[in-house]
Each structure stands twice: as structure tokens, then as C-alpha cells.
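# Coordinate analysis (summary)
In case you want the letters, here they are:
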2 protein chains.
Amino acid sequence: MLTLVLAESSIERVPKRLHRHPSVIAHARRRRKNPGLLILDRSYHHSAMRTSHDEDPPGAWGKHGRPDIAFHVLLQALGSPLNREGLLKTYVHTIEDRVIEIDPSARLPRNYDRFIGILEELYENQQVPTDQRPLLSMRKCTLRELLERLNPSTTVAFTTTGKLISMRNACAQMMGSGRPAAIIGGFAHSHFKQSTLKLADQVLSVDREALDAWMVTGRLIYEYECLLGLPDKRTRIP
Amino acid sequence: MLTLVLAESSIERVPKRLHRHPSVIAHARRRRKNPGLLILDRSYHHSAMRTSHDEDPPGAWGKHGRPDIAFHVLLQALGSPLNREGLLKTYVHTIEDRVIEIDPSARLPRNYDRFIGILEELYENQQVPTDQRPLLSMRKCTLRELLERLNPSTTVAFTTTGKLISMRNACAQMMGSGRPAAIIGGFAHSHFKQSTLKLADQVLSVDREALDAWMVTGRLIYEYECLLGLPDKRTRIP
């Protein structure tokens, strides 16, 4: 069983001080939503995020407005054979300390706008769907609280500042421990907080250049499957 | 060197007989484009595609309107270490026999709407950007013509109807031949045309269940990297 935690993910609602910016108002109109119900997205709110605000230090928005990263990561995770075999559990921790728990049987929309619609619904109702067993649910929770609850046998954070090691060797080390958790950053062009790194037993880097979070996710899951012998099992003729 | 061809991809403009459907008109208005300039997308034009047309047999739209597949596949391919090392060449062949050639140095937008904007531009100007060396270019070309021009040492098509084999073994076989090409389907819930299968030396399946095209792509590229020793090379401390 592998636990995947996308940590400090760039997912949040458009903060109040940006509600009156023209790019936010225009996007709200297109989506027929109140600005406060929108998910912050650099693709649509870039100019609002560039405007300087007295309360924001320079570069304060660097880690914000990239919900697409979680989208791509979840498509990698939920469609994998590891997940279909019930051997993967996926969580998305957000930059504002919320945790989205995803049922392994959830099938996400392949369309980005629809995925954003689901995030908007999660912020409104804390679960999706609302009328039956939730496939996605969200609650206030720090990364520390999540890991304390999950109590993995080892926790490995993947980041460019980590110790260089191939994914194959990283996975072999993780798997030796039984119930490992992997932490991957759900943001772009930035680094984990110190408080996140402190939660990891090991901090590793699987390439000398920065790789997209969804690429690290796909490779981690695939190597984990290989170590479990899944590819051979699933391609054996019955 | 690995050549990746996403074949029969669900990319095309909205066909003329759907231009007057309310869902197409509404979407055209939102994008401020003429309906004829839009890329067909099941997420937005679903009801137009469901409407029966005298000229369409039942299920005729099954393979259409999924440009998101190419988006996810290209994000996997272009960001990979294999591509960064100049060892991957990527082509997108469309269901209407156009071929999009992608410069390995192209960096695609991470936002789906912007990717669609690039496709729209490609249909209008045949290349992006128009004022300098193109990073993406499009021309009329069948899959057969493309493969004749590329002249790979072996061509392997990946599809659920193929011979079951693990990706590791499939890659080892392909690599033995020097300059292999891999064909992956750029559509959902459907199969390659017979004319496509005939172009392949081998037809393989890497899982007993259907995997998303981007997952097959990611695994293929990663295994190819492993066989080349790239992960070790790229995680060695200099």
C-alpha cells in the first residue's frame, strides 16, 4: 500500500482583496459565479495576482493559483493499475491547510473546467457528491495532522533540493518499510516549507532538473507497481 | 532516439453541420470565435454531438472531440528527461490525417484553454509561432506518409487488443532495433483503424485493462530512459 500526498497544493479560493480586479470580475461573469466562489487560477487571474497589494511581500503569489497541477497529478494517480488494485491512497493537502481525501474508485473528469467545478463544489459543500457516499471530501487539516493520522512506516518527500537517487532505488528503499508515504509538491517554481520537510524521514530528488509533479507521480507509481510485480501479473495470460 | 506518434487523435475543427447547434453557438460566444474556428470538444459540444444527423451512423462521434488526450500526452512527453536530452521526437497525427510536428524544445501551456488556443492557431496558420522558427507546425499527411518519411527501424502500436507484454519487455524489444517508433491512440473508448494496425510491425498491450494514453506514454518514455541508463546518469553526483 502506497500513500501519495500532494502537499502545499496551489488550490484556494480567490482571496477577497482580488475580488474587485477586472480579470477576476470578467472570469466570474464567464463562469456565472460570485468571485468569492472561484478557485484562484493564474491562467485567468494573472493580472490580478501581479497587482501589488500592501499586505503582500514581493513574490508572495509565486506558490499560488496552479490548481492544474493537482488535476494532472490526480489523472496519473487514479487511472494507474496500482490504484485499480486498491494499493494506492491519494490525498491533496492545500497551501491553506485543507486536505482533500479521494476515494480510489473516484473517476475524475478529463476536462479541466469540470475538475475546477468539482473543486468549487468541494469548497461549498465539503464533499462531492453531496447526496451519497463522497468520492471526494475536504476538511481543515494540516499536513502534520494528516501524517499523524495515517502513521506511515516511512515518509519520503520528493523535491529538487533532496538527495539525488534514481526513482527505482528510491522506491526500493520506501517499499522495504511496508506502508510508505510519498510527499510531492503541488506547486510550481518553489520549494516545500521547512515545516513540511521536517515531517519527512528522507528528502530525495529523482532528477538533476526539476520535473513536473505529475511526472514524478507517474514514475513513482509505476516503479512501485514494478517492485510489487504488478506489470507481470497484469500481463500474464490467464 | 525514440519516435512517439499519437495516432488518430481526436483533434478537428467543429464540423459545419454542428455550427448552428445552441451548445456550439454558446461556446463560440464565450470564446469570442466563429464556430468554424473552434476545436471540437465533447466537454462543450456534447449535446451537439448527440444530436443525430442523417449522414452519421450511430456511434459515429465515438472517436471525436477529445483534444484533451493530446494535451495530457504532450505534457508527459515534452517535460520528460528523454525529451530534454534530445532523444525523443513527438508527432500528433489527427483523425482527419493532419500531422502536428512538435519541436522538442517547445514548452506547452499547462492550462487546457491555452492549449486549445494553440490548436486553433495551428488550424488557422499551420504553425505556431508564425513570426519565427515554428515550435509546432501542422500539415496534411497520413500516418502512412509520416512513417514512410520517418522510416523507423521498427514500429510498435500499443492498444488493448495487442499481445500482452510488460512495458519493460516491450521497450527492451523496441530498443534492440535502434530507431523505434511507438504508436499510441489519441482517442478514447475505441480502437485503431485496420489501416493503422497494418503499419505496425508489432501490436502490443501493456495492461489487461485499458490505460489512458498519457499513462502509456509516460511509462513508455520512462522505461526507455531506464534502458538507456538515463536515471542513473541524471542522478549521479558530478
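Structural data are supplied above this passage.
Attention now moves to the interface of chain A and chain B. Tallying the contact residues gives 48 residues for chain A and 48 residues for chain B. Three residues, Arg219(A), Tyr222(A) and Arg234(A), lead the burial of chain A against chain B; their summed loss comes to 16% of the area buried on that side. Joining chain A to chain B, the criterion identifies 14 salt bridges. A salt bridge links Glu223(B) to Arg168(A); the nearest nitrogen and oxygen atoms lie 3.8 Å apart. Counting every contact that joins chain A to chain B gives 24 residue pairs in polar contact (both at pLDDT 80 or more). Elements with a minimum of two residues in the side of chain A that touches chain B: helix H2 (42-50), helix H3 (67-78), helix H4 (81-84), helix H5 (112-125), helix H7 (167-175), helix H9 (213-228) and helix H10 (230-235) of chain A. Residue contributions to the side of chain A that touches chain B peak at eight residues, all from H9(A). Looking at the side of chain A that touches chain B residue by residue, the class counts come to 18 nonpolar, nine polar and 21 charged.

All right, on to the relation of the copies chain A and chain B then. When chain A is fitted onto chain B, the two copies agree to an RMSD of 0.0 Å after a turn of 180° and an axial shift of 0.0 Å. One copy is carried onto the other by what is essentially a two-fold rotation axis. A shared binding surface is used by both copies, with 100% of the interface residues of chain A retained as interface residues in chain B.

It is worth spelling out the sheet that holds strand E2 (residues 88-94) of chain A at this point. Residues and elements named next belong to chain A. Across the sheet, which stays open at both edges, the eight strands sit in the order E4-E5-E3-E2-E1-E7-E6-E8 with mixed pairing between neighbours. Sheet topology places strand E4 (127-128) and strand E8 (202-205) at the edges, where each strand pairs with a single neighbour. Two elements, strand E1 (residues 2-9) and strand E7 (residues 180-185), share five bridges in a ladder whose sense is parallel. Opposite Leu-4, over in E7, you have Ala-182 as the bridge partner.

If you check H3(A), its first and last C-alpha atoms are 17 Å apart, about what twelve residues at 1.5 Å a residue would give, namely 16 Å. Taken as a whole, H3(A) has its buried residues at Pro67(A), Asp68(A), Ile69(A), Ala70(A), Phe71(A), His72(A), Val73(A), Leu74(A), Leu75(A), Gln76(A), Ala77(A) and Leu78(A).

This paragraph deals with unusual backbone geometry. Pro129(A) follows Val128(A) through a cis peptide bond whose omega is -10°. Relative to the helices and strands, Pro129(A) is located in the loop between E4 and strand E5 (136-140). Although it is not a glycine, Gln126(A) adopts a positive phi angle of roughly 65°. Its location among the elements puts Gln126(A) in the loop between H5 and E4. Despite not being glycine, Arg32(B) shows a phi value in the positive range, around 55°.

Moving on, we get to the pairing of E2(A). Residue and element names in this part refer to chain A. Counted residue by residue, E2 has seven buried out of seven residues, so it is predominantly covered. Burial along E2 is two-sided: Leu-88, Thr-90, Val-92 and Thr-94 facing one way and Lys-89, Tyr-91 and His-93 facing the other are all buried. Taken together, the four bridges between E2 and strand E3 (residues 98-102) define a ladder with antiparallel strand orientation. In the strand pairing of E3, Val-92 is matched with Ile-100.

Here we come to the sheet that holds strand E3 (residues 98-102) of chain B. On the basis of which strands lie adjacent, the open sheet formed by eight strands has the order E4-E5-E3-E2-E1-E7-E6-E8 (chain B) and mixed pairing. In the strand order of this sheet, the two ends are held by strand E4 (127-128) and strand E8 (202-205) of chain B, each with one partner.

In this model, helix H9 (residues 213-228) of chain B (16 residues) spans 23 Å end to end at C-alpha, consistent with the 22 Å of a helix rising 1.5 Å per residue. Gly229(B) sits one or two positions beyond H9(B) and adopts a positive phi of about 75°.

What follows is about the nonpolar core. One finds Phe115(A), Phe158(A), Leu220(A), Phe115(B), Phe158(B) and Leu220(B) to be the most contacted residues of the largest nonpolar core, which totals 108 residues. Residues contacting Leu220(A), with those up to four places away along its chain left out, are Leu2(A), Leu4(A), Phe158(A), Met167(A), Cys171(A), Met174(A), Ala182(A) and Ile184(A). Membership of the second largest hydrophobic core comes to 17 residues, among which are Ala7(B), Leu146(B), Leu197(B) and Ala200(B).

A word on the packing of H3(A) against helix H3 (residues 67-78) of chain B. Taken N-terminus to C-terminus, the directions of H3(A) and H3(B) make an angle of 90°; their axes are 12 Å apart at the nearest point. For the element pair H3(A) / H3(B), the angle class is roughly perpendicular. Taken together, the residues of H3(B) that come into contact with H3(A) (itself represented by Phe71(A), His72(A), Leu75(A) and Gln76(A)) are Phe71(B), His72(B), Leu75(B) and Gln76(B).

Okay, the pattern of salt bridges next. Taken as a whole, this structure holds 38 salt bridges over all chains when the rule is applied. Among the salt bridges present, the one from Glu101(A) reaches Arg139(A), with a minimum N-O distance of 3.9 Å. You can see Glu101(A) sitting in strand E3 and its partner Arg139(A) sitting in strand E5, a full 38 residues away along the chain. You can call Arg139(A) partly exposed: its relative accessible area is 29%. Between Glu85(B) and Arg208(A) there is a salt bridge whose closest N-O contact spans 3.3 Å. With Glu85(B) in the loop between helix H4 (81-84) and strand E2 (88-94) and Arg208(A) in the loop between E8 and H9, this pair bridges two chains. With a relative accessible area of 48%, Arg208(A) lands in the partly exposed category. A network of salt bridges, in which partner residues are shared, links Arg84(A), Glu85(A), Lys233(A), Arg234(A), Asp207(B), Arg208(B) and Glu209(B).

Analysis parameters
- Residues numbered from 1 in each chain as written.
- Chains lettered and ligands numbered in written order.
- Predicted model: local features only at pLDDT ≥ 70, side-chain atom pairs only at ≥ 80, totals over all residues.
- Heavy atoms only, no water.
- Contact = heavy atoms within 4.5 Å.
- Buried area = accessible area lost by both parts, 1.4 Å probe.
- Salt bridge = Lys/Arg side-chain N within 4 Å of Asp/Glu carboxyl O.
- Polar contact = N/O pair within 3.5 Å; in protein donor to acceptor, adjacent residues only side chain to side chain.
- Helix = DSSP H or I, 4+ residues; strand = E, 2+ residues; numbered from the N terminus.
- Nonpolar A, V, L, I, M, F, W, Y, C, P; charged D, E, K, R; others polar.
- Least-squares fit on C-alpha atoms with pLDDT ≥ 70 in both.
- Pairing = 2+ DSSP bridges.
- Expected span 1.5 Å × (residues − 1).
- Buried < 20%, exposed > 50% of the residue type's maximum accessible area, 1.4 Å probe, protein only.
- Core = buried A, V, L, I, M, F, W, Y, C linked by side-chain atoms within 4.5 Å.
- Axes fitted to C-alpha atoms, helices over the stretch in contact; angles between N-to-C directions.
- Parallel < 35°, antiparallel > 145°, perpendicular 65-115°, else oblique.

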